[in-house]
Amino acid sequence: MCWSAEADLVAGVGIAAVGMACMARAHRVRDLPLAALPLLLGVHQMVEAAVWSRDGGTGPATVLWAVIALPLLPLWVPAGVLAAAPRRARRRLLLPLAVGIATAVVLCLALATRPVRAEIRGHTIGYVVDLPHAEVLIAGYLLATIGSLLLSGDRGLVRLGYLVAVGALLCAGLWRTEFVSTWCAVAAVCSVVLFGWVRGGRRPAGGLSV
């Protein structure tokens, strides 16, 4: 996130608490992966608080942050959306899932073979890792995460997709070199809308039925 270790810690604890509430209120087992997303992202922010406290660098907290942000999220989100989505939407969700798997594999290999370093840049953190074909990977990452939400056929998930898409545009415009860190923070905050998603009934988008 931005600003300080304290901001990351407070935000992380709050978002993780929402995630636990989401999991407790989930009515279907197949909703649990998405219901747990705020918990994962809240923990992610708490990990970044540890990165702040160590003034960045290449320690375990930096590596753990990168593992969650880079290979895990583009796999977790489309898989969770596919599990929770209305039946008629599932076939089209295989594309973002396949892209997410491919993207996650490449990112795993990159993290396994290349160092990742966190740099404190004023009130933001930049993560530096030498990614092959970075533009293609970013496109695949966004298709897997945002694309799966927008194609989900569920109004609540589509709404979340639009929120994180707008967040991605803002972060790319305001913090280009710190995009990954700031967008993950925005996505974490946006994920609290999943609390309303698990509480309410499923509302199909685009005429799809549950």
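Per chain, the residues get numbers from 1 upward, laid out in the order the sequence is written. Local features are withheld for residues below a pLDDT of 70 in this predicted model, meaning they are given only at 70 or higher, and side-chain atom pairs are given and counted only at 80 or more; totals for whole chains, interfaces and linings count all residues. Side-chain numbers here rest on the full set of heavy atoms in the structure, without hydrogens or water.

What about the nonpolar core?
If you look at soluble globular proteins, the nonpolar side chains tend to sit buried side by side.
Then, in step 1: The biggest cluster of nonpolar side chains holds 53 residues, and the ones touching the most others in it are Leu37, Val164 and Trp183.
Then, in step 2: Any pair of residues with heavy atoms lying within 4.5 Å of one another is described as a contacting pair. Those residues in contact with Val164 that lie beyond four places of it in its chain are Ile146, Leu149, Trp183, Ala187 and Cys190. To qualify as a nonpolar core, a set must consist of buried Ala, Val, Leu, Ile, Met, Phe, Trp, Tyr and Cys residues joined through side-chain atoms within 4.5 Å. Burial classes follow relative accessibility: with a 1.4 Å probe on protein chains only, a residue under 20% of its type's maximum area counts as buried, one over 50% as exposed, and anything between as partly exposed.

Describing helix H5 (residues 90-113)
Residues lying three or four places apart along an α-helix face the same way, a consequence of the helix completing one turn every 3.6 residues.
Then, in step 1: Counted at 1.5 Å a residue, the expected span for H5 with its 24 residues is 34 Å, and the 34 Å between its end C-alpha atoms agrees.
Then, in step 2: Labels follow the DSSP assignment, with helices taken as runs of H or I lasting at least four residues and strands as runs of E lasting at least two, numbered in each case from the N terminus. Here H5 has its buried residues at Leu93, Pro96, Leu97, Gly100, Thr103, Ala104, Leu107, Ala110 and Leu111.
Then, in step 3: For H5, the secondary structure elements touched by its buried residues are helix H4 (60-84), strand S1 (116-121), strand S2 (124-129) and helix H6 (134-150). Expected span, for any helix, means 1.5 Å times one less than how many residues it has.

Observations regarding the pattern of salt bridges
Then, in step 1: The salt bridge definition used is simple: a Lys or Arg side-chain nitrogen within 4 Å of an Asp or Glu carboxyl oxygen. Overall, the coordinates contain 4 salt bridges when judged by the stated rule.
Then, in step 2: Among the salt bridges present, the one from Asp130 reaches Arg114, with a minimum N-O distance of 3.3 Å. Residue Asp130 is found in the loop between S2 and H6, and its partner Arg114 is found in the loop between H5 and S1; the two are separated by 16 residues along the sequence.
Then, in step 3: Judged by relative accessible area, which is 52%, Asp130 ranks as exposed.
Then, in step 4: Judged by relative accessible area, Arg114 falls into the partly exposed class, the value being 29%.
Then, in step 5: The shortest N-O distance in the salt bridge between Glu119 and Arg121 comes to 2.7 Å.
Then, in step 6: Each of the salt bridges in this network shares a partner with another, and the network as a whole consists of Arg117, Glu119 and Arg121.

Observations concerning the side chain of Ser191
Then, in step 1: Within the fold, Ser191 resides in the loop between helix H8 (179-190) and helix H9 (194-199).
Then, in step 2: Polar contact is the term for a pair of N or O atoms within 3.5 Å; when the atoms are in protein, one must be able to donate a hydrogen and the other to accept it, and sequence-neighboring residues count only if both atoms are side-chain atoms. From its side chain, Ser191 meets the backbone oxygen of Ala188 in a polar contact 2.6 Å long.
Then, in step 3: Setting aside residues no more than four positions away along its own chain, Ser191 makes contact with Ile15, Pro38, Leu41 and Leu160.

What to know about the state of the cysteines
Then, in step 1: Criterion for a disulfide: a pair of cysteine sulfur atoms within 2.5 Å. If you walk through the whole model with that rule in mind, you get 0 disulfides.
Then, in step 2: Unpaired in terms of disulfides, Cys184 finds its nearest cysteine sulfur in Cys171, a separation of 9.2 Å.
Then, in step 3: The class of Cys184 is buried, set by a relative accessible area of 1%.
Then, in step 4: You can see Cys190 has no disulfide; the closest cysteine sulfur is in Cys171, sitting 9.1 Å from it.
Then, in step 5: In this structure Cys190 comes out as buried when scored by relative accessible area, which is 12%.

Considering the confidence of the model for the protein
Then, in step 1: Across the protein, pLDDT averages 90, with 92% of residues at or above 70.
Then, in step 2: Counting interchain partners and residues more than four positions distant, the pLDDT-below-50 stretch residues 206-210 has 12 contacts. For every residue, the pLDDT score states the predictor's confidence, bounded by 0 at the bottom and 100 at the top.

Observations regarding the packing of helix H3 (residues 37-53) against H4
Then, in step 1: Between the N-to-C directions of two axes lies an angle of 0 to 180 degrees, each axis being a line fitted to C-alpha atoms and, for a helix, fitted only over the stretch in contact. Taken N-terminus to C-terminus, the directions of H3 and H4 make an angle of 160°; their axes are 9 Å apart at the nearest point. Considering their axes alone, H3 and H4 lie roughly antiparallel with respect to each other. You can see that H3 and H4 cross each other, and the crossing is left-handed. Of H4, the residues touching H3 (which contributes Leu37, Leu40, Leu41, His44, Val47, Glu48, Ala50 and Val51) are Ala61, Thr62, Leu64, Trp65, Ile68, Ala69, Leu72, Leu73, Trp76 and Val77.
Then, in step 2: The classification used treats Ala, Val, Leu, Ile, Met, Phe, Trp, Tyr, Cys and Pro as nonpolar, Asp, Glu, Lys and Arg as charged, and all other residues, Gly among them, as polar. When the residues that make up the contact of H3 with H4 are grouped by side-chain class, the tally is 15 nonpolar, 2 polar and 1 charged. In what follows, roughly perpendicular refers to angles from 65 to 115 degrees, roughly parallel to angles under 35, roughly antiparallel to angles over 145, and oblique to any angle outside these ranges. Helix crossings are classified by the rotation of the near helix relative to the far one: an anticlockwise turn of less than a right angle makes the crossing left-handed, while a clockwise turn makes it right-handed.

Things to note about empty space enclosed by the protein
Then, in step 1: Only protein atoms enter the 1 Å grid used here. Points where a 1.4 Å probe fits but cannot escape make up a cavity, open sets with protein on both sides within 12 Å along at least five of seven lines make up a pocket, and a residue lines them when an atom lies within 4 Å of a point. Grid points are joined across faces, edges and corners, and a volume is the space filled by probe spheres set on the points. According to the stated counting rule, one finds 1 cavity of 30 Å³ or more in the structure shown.
Then, in step 2: Approximately 130 Å³ is the volume found for the largest cavity.
Then, in step 3: Elements with a minimum of two residues in the lining of the largest cavity: H3, H4, H6, helix H7 (155-174) and H8.
Then, in step 4: Of the residues that constitute the lining of the largest cavity, the class distribution is 10 nonpolar, 2 polar and no charged.

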